[in-house]
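So the chains spell out like this:
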Amino acid sequence: MEKRRSCVRRHAQALIAAVALCGAAQACELPAGTGLESAGFVLSYRTLPAAIALGEHFSLDYAVCPKAGAVMPATVKVDAWMPEHRHGMNYKASVAALGGGRFRAQGLLFHMPGRWEIVFEADGERLSHSLRLE
Ligand SMILES: [Cu+2]
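Residues numbered from 1 in each chain as written. Predicted model: local features only at pLDDT ≥ 70, side-chain atom pairs only at ≥ 80, totals over all residues. Heavy atoms only, no water.

### Structural notes on the environment of Thr47
Point 1. Following the sequence through the fold, Thr47 ends up in strand β2 (residues 41-48).
Point 2. Owing to a relative accessible area of 10%, Thr47 belongs among the buried residues under this scheme.
Point 3. In sequence terms Thr47 and Leu108 are 61 residues apart; their C-alpha atoms lie 10.0 Å from each other.
Point 4. At 2.8 Å, the side chain of Thr47 and the backbone oxygen of Pro49 are in polar contact.
Point 5. Within polar-contact distance, the side chain of Thr47 engages the backbone oxygen of Ala50 at 2.9 Å. (Helix = DSSP H or I, 4+ residues; strand = E, 2+ residues; numbered from the N terminus. Buried < 20%, exposed > 50% of the residue type's maximum accessible area, 1.4 Å probe, protein only. Polar contact = N/O pair within 3.5 Å; in protein donor to acceptor, adjacent residues only side chain to side chain.)

### Some words on the coordination of the copper ion
Point 1. All of the protein donors around the copper ion are Met82 (SD), His85 (ND1), His87 (NE2) and Met112 (SD); their distances to the metal are 1.9 to 2.5 Å.
Point 2. Each of the four donor atoms around the copper ion contributes to a set of angles spanning 90 to 127 degrees, which defines the coordination as tetrahedral.
Point 3. Written as a sequence motif, the donor residues of the copper ion are M-x2-H-x1-H-x24-M. One end of the pair, His85, is in the loop between β4 (76-82) and β5 (87-88); the other, Met112, is in the loop between β7 (102-108) and β8 (114-122), and 27 residues separate them in sequence. (Donors = N, O, S within 2.8 Å, 3.2 Å for Na, K, Ca; no water. Tetrahedral: all angles 85-135°; square planar, octahedral: opposite > 155°, others 65-115°.)

In structure tokens:
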């Protein structure tokens, strides 16, 4: 098991605003990763492997924390699409809840180079991140 880091040390590594992580009354740990935010949630994710390869399956590890007033969602879905081409992936990711707001999605595959958008959905809220695959 990964040793829990202090709030201060975690912020040195994560890209999330400190207020979102430490300001809330509830204790919710976000691991280091790409940080996303919506009205009710903060989320961090990383891909496995770190560099996505064209035409090869990859996984996503992600974790969500509710902001003050929001409730931890039972599940957080993830999908990806190419906005300029108006199409998604040829595969549907399978999501496993690992507990404590952590999830692992497996079976994602980007079959074309270009701009992809990874879209998480937590309680009807979208958290998306855009990346370019060469
Ligand atoms: Cu495309």
